[in-house]
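Results of the structural survey
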Amino acid sequence: MAYSELIKSFGRIRDYMREFYVYGFKSRDEYTKKSARSYDDERRRLQSWLGDYMQFKQTPEGKNVFLSIDSRLSHHNPLYAAWKTKSFTDGDITLHFILFDILYAPEIILTLNEIMDSLDRYLTSFREPRMFDSSTVRKKLGEYAAEGIVVAEKHGKTMYYRRADTVAFTNANALDFFSEAFPCGVVGSYLLDKLDAHDEHFAFKHHYITGAMDSEIVCLLFEAISGKRSITMETINRHKDKISEKHVIPLRIMISAGSGRQYLMAYAPRFDRIISFRTDNIVSVKLNEVSERFDELRENLDGMLPYMWGVSTTSTSGELIEHVEFTIQYADDETYIHQRLEREKRCGTVEKIDAHTSRFTADVYDASELVPWIRTFICRITEYHFSNKMLENQFREDLEEMYRLYGIDGGDSE
Amino acid sequence: MIFSELYSAYYNTVASVLKTAVRRPLKKNELREVIEQHAFGESVLNIEPALSEERWQLIRSDGSTPLKHPPSMPMTTLEKRWLKAIFADPRIRLFTDETDLLPDVEPLFKASDYSVFDKYLDGDPYEDEAYIKTFRRILDAIEKRYPLSIDATNRRGNIVHMVMMPEYLEYSEKDDKFRLIGSGWRHKRTLNLARIAHCQPYTKPFEANPGKAIQPRMCKVEFELIDRRKALERVLLHFAHFEKQAEKIDADRYRVTVSYDKDDETEMVIRILSFGPMIKVTSPQEFAAQIKERLLSQKSCGH
């Protein structure tokens, strides 16, 4: 098939965007699972959509292509562009604009025959007028009714069509903000596209834009959660490059502001447990029947939250609950360190022992999830205890390895 | 359906083309300009011939259109449902009081359907009327370009007074806070909105420093990464929001360069520390020295 800038489905480009944006160190030859032609096409598309952010680096293994974006400097997520690339036919676009010109106000209510007559009048002024048959137009109107932009109403045996009522929400500042700081923000970007150009007044710090690539999946998961429906989903194990099917009841989307990852918390009947799935590993979602257990399971999840630091609901030690505590010290002019513990803790308790010492304590399903956070206090940790002794040993060994890495493993100082 | 041609750059571009064409015939160079402005790098190669060859029968050969009205499309159900969801978010009050536009629409999701589980607990008070008033005043000042006279509480709890030309608002989801970035008499000023006790238009003559000073001072840190315990994926995702480059240097070792704002250097130091021995900073030396200093202090804590 000839190359086209537009695409029919999002799946393949989603993989390439992830590779180019998150990783970006692979050369063309390393994209072995796809054909060279496919690689060249996808790279060319991304170059066209996101040209300003595409970069190249020559390495001994070949030319590496990567996307480099400082999201703090962009008012809008550049990756949203990829969602605006759906292909269509010549007939689709012709019909779209003419149909909405015929149905230019909600008061215009017409039958299919009346629409067909009007349509022909629009097309006669072209050198070789297109001929649309009524079934094509009926199908298109049906699609638009499903999208909510056309209203189809039956009076007697005749179907009448009109455009849906207009909702005016033109607060560009609100859309600028929420399109970046709210789930499924790409929908806000669609709304912004309909507004006139305007000055942008917001910037975003710690702004992860990778979630944009999972918008379709997250949107379907929200559909399932709203409808309390179970789903069948395909997930990919990227290390084994294997796709498997799972039947679960989705309960909540959990988003990390600190890593940009999005997770589905869902009940998996196969394991009789609530577990997490990364949304970027979900390949497809199919909605099934309504689950009568949804409310009960959601309540169970709420009860689990005080024991979850992140999204893990099981330990590696086999203990149901793991205990973790650590103590830190700080100087007279560092009292903000105690405040850090208070504001950054997600569960557990913080205790001020004296003017220069604070202790954090928590009981969680998986204490390993706290380790990166505890490491941010390196330089002031005076004590640490994990009930999971393997984890405690690993924490200590990691510290020793860090000393070695920076050449301070000998005496007290270099 | 979230991936639909209804939202496509091509449809939006053609809508812009037709907006002019319903008023007067469009010249060929104007057509090209609109396409270049609204669509992608290569789109002109597709849209221009599709219209001029009348494959898309919307523009006649003389640049006129049979359409009679500027193109418009009602909101889709998806758009309405997403809007309904933002109307339930407390932050919407910062922008508008009109949140009852869609009484019969089901939100795409409710607040209980998702959570940002690691945002800090001392986020801004979005439902506080004084905070809302301050936010709206600042946004107005940014839009209309007038200076503000501000009283704010500093870290020690004292009220300080300042005058600045507000430039933009910066939001951090992790901190769950807005910051005002503006130009003072001489320097860039950054102020947490929640610290502002009072603000009003400054009516005396005010000349802020040139806008250049509010640009971030970009620095680079380079580190080597060893891919154990899925560190490669964790690190690259964690630093994904920065401008960065990664390069494979060995079977399981990578060199990563990340650009960051000098003002955020302490934060970068602790973010790098959070990856433990999977990351070793290689340059600049001053950055590596900060890591080393913290490790030395840690060693003196007895662990």
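Residues numbered from 1 in each chain as written. Chains lettered and ligands numbered in written order. Predicted model: local features only at pLDDT ≥ 70, side-chain atom pairs only at ≥ 80, totals over all residues.

Section: the overall build of chain B
The helix and strand inventory of chain B stands at 8 helices and 10 strands. When its C-alpha atoms are laid out on the principal axes, chain B stretches across 80 × 60 × 45 Å. For chain B, the residues scored as buried account for 40% of the 303 residues in total. Taking contacts inside chain B between residues at least 6 apart in sequence as the whole, the part at least 24 apart equals 59%. (Helix = DSSP H or I, 4+ residues; strand = E, 2+ residues; numbered from the N terminus. Buried ≥ 20, exposed ≤ 12 C-beta atoms within 10 Å, placed from the backbone. Contact = placed C-beta atoms within 7 Å.)

Remarks on the overall build of chain A
Helices and strands together make up the secondary structure of chain A, namely 12 helices and 15 strands. The globule rule puts the C-alpha radius of gyration for 414 residues at 22 Å, and the 27 Å found for chain A is more than 25% above it. Dimensions of chain A, computed from C-alpha atoms along their principal axes, come out at roughly 90 × 55 × 45 Å. Buried residues in chain A amount to 37% of all 414 residues. Contacts in chain A between residues far apart in sequence, at least 24 positions, make up 64% of those at least 6 positions apart. (Rg over C-alpha atoms; globule rule 2.2 N^0.38 Å.)

A word on the environment of Y39 of chain A
All names here are of chain A. Inspection of the secondary structure puts Y39 in helix α2 (residues 36–50). Among the residues examined, Y39 registers 20 C-beta atoms within 10 Å and is labelled buried. A C-alpha to C-alpha distance of 45 Å links Y39 and R343, two positions 304 residues apart in sequence.

Quick notes on the domain arrangement of chain B
You'll often see interface size given as the accessible area lost when the parts meet. Here chain B is partitioned into domain 1 (1–73), domain 2 (77–113), domain 3 (129–214) and domain 4 (218–300). Of note, the centres of domain 2 of chain B and domain 4 of chain B, computed from C-alpha atoms alone, are 40 Å apart. (Domains from an automatic or database assignment.)

Here we look at the interface of chain B and chain A
Taken together, the 104 residues of chain B in the interface contact 112 residues of chain A. For the side of chain B that touches chain A, the per-class residue count stands at 53 nonpolar, 25 polar and 26 charged. Note that strand β8 (residues 242–255) of chain A and strand β1 (residues 114–116) of chain B share 3 bridges and pair parallel. Bridge pairing in β1 of chain B places I255 of chain A opposite V116 of chain B. (Nonpolar A, V, L, I, M, F, W, Y, C, P; charged D, E, K, R; others polar. Pairing = 2+ DSSP bridges.)

Concerning the environment of T158 of chain A
The residue T158 of chain A is located in strand β5 (residues 158–163) in this model. Considering only alpha carbons, one finds T158 of chain A and L112 of chain A, 46 residues apart in sequence, at a separation of 8.8 Å.

What to know about the pairing of strand β14 (residues 357–364) of chain A
All names here are of chain A. Taking every second residue as pointing to the same face, the buried face of β14 carries S358, F360, A362 and V364, while none of T357, R359, T361 and D363 on the other face is buried. Sheet topology places strand β13 (residues 349–354) next to β14; 5 bridges connect them, and they run antiparallel. Bridged to V350 within β14 is F360. Between β13 and β14, which pair antiparallel in sequence order, lie 2 residues.

Description of the sheet that holds strand β3 (residues 110–111) of chain A
All names here are of chain A. Read across the sheet, 3 strands follow the order β3-β5-β4 without closing on themselves; strand pairing throughout is antiparallel. In this open sheet, the two edge strands, each paired with only one partner strand, are β3 and β4 (150–155). By the bridge criterion, 2 bridges tie β3 to β5 in an arrangement that is antiparallel. Paired with T111 across the two strands is Y160, which belongs to β5.

Some words on the pairing of strand β8 (residues 244–248) of chain B
All names here are of chain B. Relative to strand β9 (residues 253–261), β8 runs antiparallel, the two being bridged by 5 bridges. Bridging across to β9, K248 finds its partner in Y254. Hairpin connection between β8 and β9: a loop of 4 residues separates the two successive antiparallel strands.

Remarks on the domain arrangement of chain A
Residues and elements named next belong to chain A. When the domains of chain A are assigned, the result is domain 1 (11–68), domain 2 (71–207), domain 3 (210–307) and domain 4 (322–405). On a C-alpha basis, the centroid separation for the pair domain 1 and domain 2 is 32 Å. Across the boundary between the two partners, domain 1 contributes 5 residues, which contact 5 residues of domain 2. Taken together, the elements giving at least two residues each to the side of domain 1 that touches domain 2 come down to α1 (11–23) and α2.

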